[in-house]
Amino acid sequence: LAVNIPTMLKYFSNCWSAVRLAKYHPTLHAEAKFRLSKRAVAVWGYAGMALALAIIAVGVTTDWRPYAILAVWAVVGTAYWLSARRRSIAMTERRI
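Conventions and cut-offs
- Residues numbered from 1 in each chain as written.
- Predicted model: local features only at pLDDT ≥ 70, side-chain atom pairs only at ≥ 80, totals over all residues.
- Heavy atoms only, no water.
- Helix = DSSP H or I, 4+ residues; strand = E, 2+ residues; numbered from the N terminus.
- Expected span 1.5 Å × (residues − 1).
- Buried < 20%, exposed > 50% of the residue type's maximum accessible area, 1.4 Å probe, protein only.
- Arc of directions from axis to C-beta.
- Contact = heavy atoms within 4.5 Å.
- Axes fitted to C-alpha atoms, helices over the stretch in contact; angles between N-to-C directions.
- Parallel < 35°, antiparallel > 145°, perpendicular 65-115°, else oblique.
- Left-handed = near helix turned anticlockwise from the far one by under 90°.
- Nonpolar A, V, L, I, M, F, W, Y, C, P; charged D, E, K, R; others polar.
- Core = buried A, V, L, I, M, F, W, Y, C linked by side-chain atoms within 4.5 Å.

Caption draft 1: Quick look at helix H1 (residues 4–24). An ideal rise of 1.5 Å per residue puts 30 Å on 21 residues; H1 measures up with 30 Å between its terminal C-alpha atoms. Every buried residue of H1 is accounted for by Ile-5, Met-8, Cys-15, Val-19 and Ala-22. Buried residues of H1, seen end-on, are gathered within an arc of 125° and therefore sit on one face of the element. Against the buried residues of H1 lie helix H2 (26–31), helix H3 (38–60) and helix H4 (65–95).

Caption draft 2: Quick look at the environment of Cys-15. By the element assignment, Cys-15 lies in helix H1. Overall, the relative accessible area of 19% leaves Cys-15 in the buried class. Put simply, Cys-15 and Arg-95 are 80 residues apart on the chain and 39 Å apart in space, counted from C-alpha to C-alpha. Apart from residues lying up to four places away in sequence, Cys-15 is in contact with Gly-45, Gly-48 and Met-49.

Caption draft 3: Representation of H3 in the model. Taking 1.5 Å per residue as the helical rise, H3 with its 23 residues ought to reach 33 Å, and the 33 Å between its terminal C-alpha atoms agrees with that figure. Of all the positions in H3, only Val-41, Gly-45, Gly-48, Met-49, Ala-52, Ile-56 and Gly-59 are classed as buried. Buried residues belonging to H3 abut H1, H2 and H4.

Caption draft 4: Local environment of the environment of Arg-20. Take Arg-20: it is sitting in helix H1. Spatially, the C-alpha atom of Arg-20 lies 8.6 Å from that of Ala-42, the residues being 22 residues apart in sequence.

Caption draft 5: Region of the structure containing the packing of H1 against H3. In the contact formed by H1 and H3, the axes pass within 8 Å of each other and the chain directions differ by 160°. Taken as axis vectors, H1 and H3 run roughly antiparallel relative to one another. With respect to the hand of their crossing, H1 and H3 are arranged in left-handed fashion. On H3, the residues that touch Ile-5, Met-8, Leu-9, Phe-12, Cys-15, Trp-16, Ala-18, Val-19 and Ala-22 of H1 are Lys-38, Val-41, Ala-42, Gly-45, Tyr-46, Gly-48, Met-49, Ala-52, Leu-53, Ile-55 and Ile-56. Classifying every residue of the contact of H1 with H3 gives 17 nonpolar, two polar and one charged.

Caption draft 6: Focus on the nonpolar core. By size, the foremost hydrophobic cluster in this structure holds five residues: Ile-5, Met-8, Ala-52, Ile-56 and Tyr-67. Residue assignment for this core shows that the elements contributing at least two residues are H1 and H3. Once you skip the residues sitting within four places of it in the chain, Ile-56 turns out to touch Ile-5, Met-8, Leu-9 and Tyr-67.

See the structure below:
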C-alpha cells in the first residue's frame, strides 16, 4: 500500500493532465502522435481518475498507516511549497 497509493495518485494526476490538455490546449492535442478525440480523452481520463480513487479507497480498510504517512508527507510538502513561494515573492518584491 505504501507504494501503491502514490502510484495511484500519479495515475490520477496523469489522467487529469490529459483531460486538461485536451480541453485547454487544443494545438498540443492536435499535434499528438497518438490522438484520441477530445471526448475520448475526457471519458478515459475521468474513468482513470475514478478507478485510481476507487483503488485508493479500497485500501483504506486494509491498513491505515500508509495513508497517515502520506498525509504527513503532504503536510510537509505543502508547508515547504508555501514557504518557498513566500521567499520567492519576497525576493521579487525586493528587486522592484
